[in-house]
Amino acid sequence: MTAAGAAVAPGNSRRVVKSVLTRIGFYVMVLLLGVFFALPMLWLLAAPFDRTPTLAAGVPDFTFDNFVRVFENPFVLPSLRNSLILALATMVLVVTAAALCAYALSRVHLPGRDILLYVLLLFSAVVSGTAAMVPLFLLIFEIGLINTHTGVVLVLAGGLMPAGIFILKDFMDSTPASYEESARVAGASALQTLRDIVVPVVRPGLAVIAVWTVVQVWGDFLIPFILLRDPELAPAAVVMFNFYTEGGQANLPLISAYSFLYSVPVVVMYLFVNRRYGFRFYGGIKR
Amino acid sequence: MARVTLRSLTKRYPGGVTAVDALDLEIADGEFFALLGPSGCGKTTLLRTIAGLEAATTGQVIIDDVDVTRLPPGDRDIGMVFQDYALYPHMTVQDNIAYPLKVRKVNKDERRGMAADAAGNLQLGELLERRPGQLSGGQQQRVAVARAIAYQPRLFLFDEPLSNLDAQLRVEARTFLKRLQAEIGVTTVYVTHDQSEALALADRMAVMQRGRVRQLATPEEVYRRPNSLFVASFIGSMPMNLLDAEVVDGALDIAGSRLSLPPDSAEHVTSGDRVVFGSRPEFATLHDEPVDNALEGQVAVAELLGNSYLLTVEGSGLQMRAVAAEAAPNGTRVWVTFDEANCLLYRRDDGGLVGSPRVEGDEAVDADAPRVAAARQ
Ligand SMILES: Nc1ncnc2c1ncn2[C@@H]1O[C@H](COP(=O)(O)OP(=O)(O)OP(=O)(O)O)[C@@H](O)[C@H]1O
Ligand SMILES: [Mg+2]
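Thresholds, definitions, all that
- Residues numbered from 1 in each chain as written.
- Chains lettered and ligands numbered in written order.
- Predicted model: local features only at pLDDT ≥ 70, side-chain atom pairs only at ≥ 80, totals over all residues.
- Heavy atoms only, no water.
- Helix = DSSP H or I, 4+ residues; strand = E, 2+ residues; numbered from the N terminus.
- Contact = heavy atoms within 4.5 Å.
- Areas by Shrake-Rupley, 256 points an atom, 1.4 Å probe, with all protein chains shown as cover.
- Lys, Arg positive; Asp, Glu negative; His and termini not counted.
- Charge placed at Lys NZ, Arg CZ, Asp CG, Glu CD.
- 1 Å grid on protein atoms, 1.4 Å probe; cavity = no way out; pocket = protein on both sides within 12 Å on 5 of 7 lines; lining within 4 Å.
- Points joined across faces, edges and corners; volume = space filled by probe spheres on them.
- Nonpolar A, V, L, I, M, F, W, Y, C, P; charged D, E, K, R; others polar.
- Pairing = 2+ DSSP bridges.
- Axes fitted to C-alpha atoms, helices over the stretch in contact; angles between N-to-C directions.
- Near = heavy atom within 4 Å.
- Polar contact = N/O pair within 3.5 Å; in protein donor to acceptor, adjacent residues only side chain to side chain.
- Buried area = accessible area lost by both parts, 1.4 Å probe.
- Salt bridge = Lys/Arg side-chain N within 4 Å of Asp/Glu carboxyl O.
- Core = buried A, V, L, I, M, F, W, Y, C linked by side-chain atoms within 4.5 Å.
- Buried < 20%, exposed > 50% of the residue type's maximum accessible area, 1.4 Å probe, protein only.
- Domains from an automatic or database assignment.

### Looking at the overall build of chain B
(1) Moving on: Helices and strands together make up the secondary structure of chain B, namely 10 helices and 20 strands.
(2) Moving on: Principal axes of the C-alpha set define a box for chain B whose edges measure 75 × 45 × 35 Å.
(3) Moving on: Put simply, of all contacts in chain B between residues at least 6 apart along the chain, 67% involve residues at least 24 apart.
(4) Moving on: Accessible surface computed for chain B: about 16200 Å², of which carbon and sulfur atoms make up 47%.
(5) Moving on: Charge centroids of chain B, computed over 39 positive and 52 negative side chains, lie 8 Å from each other.

If you want it as structure tokens, here you go:
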């Protein structure tokens, strides 16, 4: 008995030590990764309020001066307004068009429908990606939309639509057809059904697509950078790039304060939408 | 109020399934009509074709002498209750009930009044502000019915509206539906695969199989005189006794025992005919000593039904069921007799009642199938 116990014990303790070490290693790694990702956030929170911002994150020497200087820059307010225009216009276009497409694709059985969707999804990465920049530029130039917000909105919407359709179709598929059928029996037209029944039921899906579109457009640099000439038309992401190159060196006070302003709308919007519509489904009826 | 006429109505799905097959049917004004049949026989398809949610492949749907076959559902003036109720999850009970009225451009005050009336009729007054997700199954069912009656359509279509409810609630809701329909007197077509529901509710019913009507009659008639083996094995909460028999010298030979011919059937059969003898367990009597006209066997199972017992008796390769007031221990030797007035004979080849016109086509071939299934239960 005792012999057997003694034989087992060293093995056991070795295993305990090993598991403790593994656990410590795990936490250290999680911590390092966490700090790694948190640092830019901390910097974004601290630097704008620092009298002499550097690339390090630290407790700021508190001041609002950076913001005053940002607002003195003639491009700042127009650029934020441009970003807003581009984001909202693209959002309206993507949500409306994607909702109609997704509804049709979900309710009408076209041969090859799923293949079509996957191919679209695949190519959407190309449309708004670097690879298609030259043809896109030429295309927009040919149709006379170069240096206009319309051109940028069309290209961005084209790139975002397939994923939007894909996600929304999933939402549409999961709403029972009997909702619409009962509305049809009651005498509602197709558009009434869409407006009164389908849209409210898939509203969480629409909210997801809307927020996602705004965030995508808000953060997009390449397309407006290439398609817009006039600095007056440039959105925030492009203007920020100019701060960086102005004196041949990064203008940290300006960049930090500007970045802060740049990220506020997105966060506010997320909070608003989440509270208003909630990223969830309505409790339904037995399916 | 409406009369519904179906003229050789056929619905073939793109995949090639003929769900409704050249169906002729006449439903009278104010009638409570039930469509009954096993899963996949085309009940839902038939109902949806009447509603206009499916386009008929050929044939006509006529409501009140007007051919509505090509009209969209909204123009047919129909109220429909779906199996999943299809209540709009984002609207309150009040808005759900009022939505068809809104579509029909009834003004807001009138709409609220009519919705409140319908809701009051169904004891939903307290729940008007709730969402469907906050209601019990029975309440949801009543909201769905209220939504269908609020706009006073001339025809109601119900697709298994009680199948999501538990057994007790189902019986309550059934009584309630029957009373409601009698009060407002609107023609109703009611789909179910639960035969007790059809028997309980309907003024008249159709038993369907493979897109065709196999029997069209009152529930009493369907229960007492099923016109084919298929209907006989399908109807009744306790399966009917169906025993292979042969006509020999003006009597029946069932596995070597002699039974006299049922009086109704005697004139339709001749010696040598191969038939199936049918009688419900309610009309079987057990004797504990040998009697004439009886089949002998041993009690194999006794099941309590409430105030009586269902006994399964086995002997000479036969299985019979009988309802008895007293249970008997397993293995007891008994002699089973059947009430002659309630015995039926079916032709073994096509499954039709003897004396009735023969069933032609492919149904005749599989008339045996349900009987085999029933025997195994
Ligand atoms: N949309 C469809 N496309 C192709 N075939 C279909 C479609 N809907 C139903 N069917 C087929 O048509 C036949 C009848 O279906 P239906 O739904 O009418 O049956 P049912 O009698 O209502 O059955 P249940 O009692 O299970 O509801 C079935 O064989 C079914 O597989
Ligand atoms: Mg069905």
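### Quick notes on the layout of surface pockets
Residue and element names in this part refer to chain A.
(1) Moving on: In this structure, the largest pocket spans a volume of roughly 330 Å³.
(2) Moving on: Around the largest pocket sit 19 residues that line it, and Met91, Ala210, Val214, Met269 and Val273 are the ones nearest its centre.
(3) Moving on: Looking at the lining of the largest pocket, the elements that each hand over two or more residues are helix 3 (76-107), helix 9 (203-219) and helix 12 (252-276).
(4) Moving on: A per-element tally of the lining of the largest pocket places helix 9 first, with 7 residues.
(5) Moving on: Of the residues in the lining of the largest pocket, the class split is 17 nonpolar, no polar and 2 charged.

### Description of the sheet that holds strand 2 (residues 18-27) of chain B
Residues and elements named next belong to chain B.
(1) Moving on: Taken together, the 4 strands give an open sheet; going across it, the order is 2-1-4-5, and neighbouring strands pair in antiparallel fashion. Either end of the sheet is taken by a strand with one partner, and the two such strands are strand 2 and strand 5 (66-67).
(2) Moving on: Pairing geometry for strand 1 (residues 4-12) and strand 4 (residues 58-63), over 5 bridges, is antiparallel. Across the sheet, residue Val4 finds its bridge partner in strand 4, namely Ile63.
(3) Moving on: Of the strands in this sheet, strand 1, strand 2 and strand 4 are in contact with helix 1 (residues 43-51), which crosses strand 1 at around 120°.

### Concerning the site of ligand 1
Residue and element names in this part refer to chain B.
(1) Moving on: Close to ligand 1 lie 13 residues, the nearest being Ser39, Gly40, Lys43, Thr44 and Thr45.
(2) Moving on: Between ligand 1 and Tyr13 there is a distance of 3.4 Å, counted from a nitrogen atom to a side-chain nitrogen or oxygen.
(3) Moving on: One nitrogen or oxygen atom from the side chain of Glu160 is found 3.5 Å from an oxygen atom belonging to ligand 1.
(4) Moving on: Look at ligand 1: alone it shows 640 Å² of surface, and the protein chains cover 62% of it.
(5) Moving on: Top contributing element to the shell around ligand 1 by residue count: helix 1, with 3 residues.
(6) Moving on: Its residues assigned to classes, the shell around ligand 1 comprises 5 nonpolar, 6 polar and 2 charged.

### Quick notes on the interface of chain A and chain B
(1) Moving on: The partner chain B presents 26 residues to the 21 residues of chain A that form the contact.
(2) Moving on: Note on chain A versus chain B: buried area summed over both sides is about 2100 Å², and carbon and sulfur give 61% of it.
(3) Moving on: Where chain A meets chain B, there are 1 salt bridge.
(4) Moving on: The shortest N-O distance in the salt bridge between B:Arg48 and A:Glu181 comes to 2.8 Å.
(5) Moving on: Sorting the residues of the side of chain A that touches chain B by element identifies helix 7 (177-186) and helix 8 (190-201) of chain A as the ones contributing at least two each.
(6) Moving on: Considering only residue class, the side of chain A that touches chain B consists of 11 nonpolar, 6 polar and 4 charged.

### Focus: the nonpolar core
Residues and elements named next belong to chain B.
(1) Moving on: Core analysis: the largest hydrophobic core is formed by 76 residues, its most contacted members being Leu6, Leu46, Ile97 and Leu157.
(2) Moving on: Broken down by element, the residue count for this core peaks at 7 residues, all from helix 4 (residues 137-150).
(3) Moving on: In contact with Leu46, not counting residues within four places along its chain, are Leu6, Leu9, Val20, Leu23, Leu35 and Met208.

### Topic: helix 1 of chain B
Residue and element names in this part refer to chain B.
(1) Moving on: In terms of burial, helix 1 is largely enclosed, as 8 of its 9 residues are buried.
(2) Moving on: Looking only at helix 1, the buried set comprises Lys43, Thr45, Leu46, Leu47, Arg48, Thr49, Ile50 and Ala51.
(3) Moving on: Positive backbone phi, approximately 95°, marks Gly52, located one or two places after helix 1.

### Brief notes about the domain arrangement of chain A
Residue and element names in this part refer to chain A.
(1) Moving on: When cut into domains, chain A gives domain 1 (2-63) and domain 2 (74-277).
(2) Moving on: Look at where the C-alpha atoms of domain 1 and domain 2 centre, and you get two points 38 Å apart.
(3) Moving on: Between domain 1 and domain 2, the contact holds 9 residues from the first and 7 residues from the second.
(4) Moving on: On the domain 1 side of the contact with domain 2, Leu44, Pro48 and Pro53 bury the most area, a combined 59% of that side's loss.
(5) Moving on: Our count for the domain 1 to domain 2 interface comes out at 0 salt bridges.
(6) Moving on: On the surface where domain 1 and domain 2 come into contact, there are 0 residue pairs in polar contact (both at pLDDT 80 or more).

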